[in-house]
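Residue-level structure breakdown
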Amino acid sequence: MPRRTAALLVAIALGSAAAAGCSSAAGPDRAGGSSSGAGATTTVPTPVDSAPSASASTSPVPTASASTEVPGTSSPSSVPSSSSAPAVASVAVRGTVTDGLKSPWGLAVLPGGDLLVSERDSARILRVPAKGGGKAVAGTVPGVTPGGEGGLLGLALSPDFATDHQVYAYFSTGSDNRIVRFDLDPSRPAGSQLGSPTVLLSGIPHGPRHNGGRIAFGPDGFLYAGTGDANDRSLAQDRDSLGGKILRLTRDGTPAPGNPFPGSPVWSLGHRNVQGLAWDPQGRLWASEFGQDTWDELNLITPGGNYGWPTVEGTAGREGFTDPVAQWHTADASPSGIAFADGAVWVAALRGTRLWRVPVDGGRAAGAPQEFLRGDYGRLRTVAADGDGGLLLVTDNTDGRGSPRPGDDRILRLDVSAG
């Protein structure tokens, strides 16, 4: 039986408990109905109107030179704070790194600070200078079939990128999702800098929704991938399926040694749609997950852990399932990318159109989540540490579900500070 994490719930009781939605969608997704599981759930109410929002959703988009401190919204909580992660923080938008992106999804920081960003529907990978401004097309990934929530999704750099120049990508074809590897050679002409892809893992279930797509190398040097249930909820509990899982792979795409199920790439199961992966300084893996009708989740991942979908959604207190560390109603989050910085997990929210901060102390929440930038930039797809203590934030208003503003989509650079 998978080891059960003693998760400390920090629930954000915002909106109606019946708020429905495919977490990446603007509208409802009631396919199969709600599956909230048995057992009582204790919530820590956090009214969104307890403090003024930083700006209304109709406010003009701040300019590239904007650097206005935005206080977060928080409220009293019964959860004790921790000296290792102050419960209150602030965010300052330092500026816009680049704009004019179309359905951006994955982000990788190159040595020296330049960025690679994937565009879901065009299958292009763009290179953005560290200082911002102009961007160039590095190349187009062959074999990508966009549609629904599929297309060119996550990016990751080899841990030895400085010497091997290898880039990893997760993308959709007409029949599956797969992970490939190719080299990046900036000495080649613009648009032709990507080598031919080598398929490392294919057969990840594909559907119009719930394709997962986030990939990242862990501190152990292995490649982790978050997958979705591809709208077939039964896959999440099927150990023989790659759907609804977090996978752990070698650089060549084979199951990593030490995985909990011998010969299998599965690291954890019972997921609906994982789209965020990040590690804290102690090497603990955190993941965000889209809920169905009620709860989106932030989970602390343990090898072999079963996170309940579709038997339970959110906190259930049921033996054999791992409860989330934090949860939100789907209208308030729909979490995609996450990053660890300054003692907290930062969560980019799509439908919730805000950036959440969850302070943590070890494997538990150390205070109530704070929200930032609510409605200021619309849907937020990806957040990543920039290597200098700040964050990079990618908007996603051009994916067909948002309301694009002039200049969308964009990458913002944020300064964060705790206390």
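Residues numbered from 1 in each chain as written. Predicted model: local features only at pLDDT ≥ 70, side-chain atom pairs only at ≥ 80, totals over all residues. Heavy atoms only, no water.

**Quick look at the sheet that holds strand β7 (residues 136–140)**
Rules: Should DSSP find at least two bridges between two strands, the strands are taken to pair. Counting from the N terminus, the helices are the DSSP runs of H or I reaching at least four residues and the strands are the DSSP runs of E reaching at least two. In this description, a line fitted to the C-alpha atoms serves as the axis of each element, helices being fitted only across the stretch in contact, and the angle between N-to-C directions of two axes falls anywhere from 0 to 180 degrees.
Strands sit in the order β4-β5-β6-β7 across an open sheet of 4 strands; the sheet is antiparallel. The strands lining the two open edges of the sheet, one partner per strand, are β4 (104–109) and β7. Ignoring which end each strand starts from, the neighbouring axes of this sheet average 25° apart.

**A look at the pattern of salt bridges**
Put simply, the rule reads: Salt bridges are defined by distance alone: a side-chain nitrogen of Lys or Arg within 4 Å of a carboxyl oxygen of Asp or Glu. When a residue's accessible area, from a 1.4 Å probe over protein chains only, is under 20% of the maximum for its type it is buried; when over 50% it is exposed; and in between it is partly exposed.
The final tally for this structure, using the stated rule, is 21 salt bridges. Among the ionic pairs, E149 bridges to R401, the shortest N-O distance being 2.9 Å. Within this pair, whereas E149 is found in the loop between β7 and β8 (152–157), its partner R401 is found in the loop between β26 (391–395) and β27 (411–418), the two being separated by 252 residues in sequence. For E149, a relative accessible area of 7% corresponds to the buried category. For R381, the salt bridge identified is with D396, shortest N-O distance 2.9 Å. In this pair, R381 is assigned in strand β25 (residues 380–385) and D396 in the loop between β26 and β27, connecting sequence segments 15 residues apart. Each member of the pair, R381 as well as D396, is classed as buried. Taken together, the shared-partner salt bridges in this structure form one network comprising D332, R354, E371 and R374.

**Let's talk about the layout of surface pockets**
Empty space among the atoms becomes apparent when a probe as large as a water molecule is rolled across them. Applied cut-off: Any residue with an atom within 4 Å of a point lines the site, the site being either a cavity, points on a 1 Å grid over the protein atoms alone where a 1.4 Å probe fits but cannot get out, or a pocket, an open set with protein on both sides within 12 Å along at least 5 of 7 lines. Grid points are joined across faces, edges and corners, and a volume is the space filled by probe spheres set on the points. Residue polarity follows a fixed list, in which Ala, Val, Leu, Ile, Met, Phe, Trp, Tyr, Cys and Pro are nonpolar, Asp, Glu, Lys and Arg are charged, and the others, Gly among them, are polar.
The calculated volume of the largest pocket comes to roughly 780 Å³. As for the largest pocket, its lining consists of 30 residues, and the residues nearest its centre are L107, I215, A216, F217 and A384. Looking at the lining of the largest pocket, its residues break down into 23 nonpolar, 6 polar and 1 charged.

**Things to note about the side chain of T395**
So the rule is basically this: In the analysis that follows, any N or O atom pair within 3.5 Å is treated as a polar contact, provided that within protein one partner can donate a hydrogen and the other can accept it, and provided that, for residues neighboring in sequence, both atoms belong to side chains. Throughout, a residue-residue contact means that at least one pair of heavy atoms, one from each residue, lies within 4.5 Å.
For T395, the position within the fold is in strand β26. Assessed through its relative accessible area of 0%, T395 is described here as buried. Within polar-contact distance, the side chain of T395 engages the side chain of D409 at 2.6 Å. Separated by 3.0 Å, the side chain of T395 and the backbone nitrogen of R410 make a polar contact. When residues no more than four places from it in sequence are discounted, the contact partners of T395 are P104, Y377, R379, L380, R381, D408, D409 and R410.

**Section: the confidence of the model for the protein**
What counts is decided by this rule: Residue-level confidence of the predictor is summarised by pLDDT, bounded by 0 at the bottom and 100 at the top.
Scored by pLDDT, the protein has a mean of 84; 79% of the residues are at 70 or more. Scored below 50 in pLDDT, residues 1–83 makes 219 contacts in the model with residues more than four places away or belonging to other chains.

**What to know about the environment of A216**
Within the secondary structure, A216 is located in strand β12 (residues 215–217). On the basis of relative accessible area, A216 is assigned to the buried category, the value being 15%. In the structure, A216 is positioned 10 residues away from G226 in sequence and 9.1 Å away in space, judged by C-alpha atoms.

**Overview of the sheet that holds strand β10 (residues 177–183)**
Hydrogen bonds between backbone groups are what pair the strands of a sheet, and the pairing can be parallel or antiparallel. Read across the sheet, 4 strands follow the order β8-β9-β10-β11 without closing on themselves; strand pairing throughout is antiparallel. Single-partner strands in this sheet number two, and they are β8 and β11 (198–204). In this sheet, adjacent strand axes meet at a mean angle of 20° when their direction is disregarded. Here 4 bridges tie β8 to strand β9 (residues 166–172), and the two strands are oriented antiparallel to one another. Counterpart to L157 in the pairing with β9 is V167.

**Notes on the packing of aromatic side chains**
We describe a pair of aromatic rings using the distance from one ring centre to the other and the angle between the two ring planes. Which entries qualify depends on this criterion: Geometry of aromatic contacts follows a simple scheme: Phe, Tyr and Trp rings, the Trp one being its six-membered ring, pair when their centres are within 6.5 Å, and the pair is stacked under 30 degrees between planes, edge-to-face over 60, tilted otherwise.
Evaluation of the coordinates by the stated rule reveals 5 aromatic pairs. Seen in terms of ring centroids, Y224 and W267 are 6.0 Å apart; in terms of plane orientation they differ by 90°. Their pairing is edge-to-face. Of this pair, Y224 sits in strand β13 (residues 223–226) while W267 sits in strand β15 (residues 266–268); the two residues are 43 residues apart in sequence, bridging distant segments of the chain. Taking the relative accessible area as the measure of exposure, Y224 reaches 4% and is therefore buried. Taking the centre distance of 5.7 Å and the plane angle of 35° together, the rings of W346 and F372 count as tilted. Of the two residues, W346 sits in strand β21 (residues 344–349) while F372 sits in strand β24 (residues 370–372), which places them 26 residues apart along the sequence. Since its relative accessible area comes to 0%, W346 is described here as buried.

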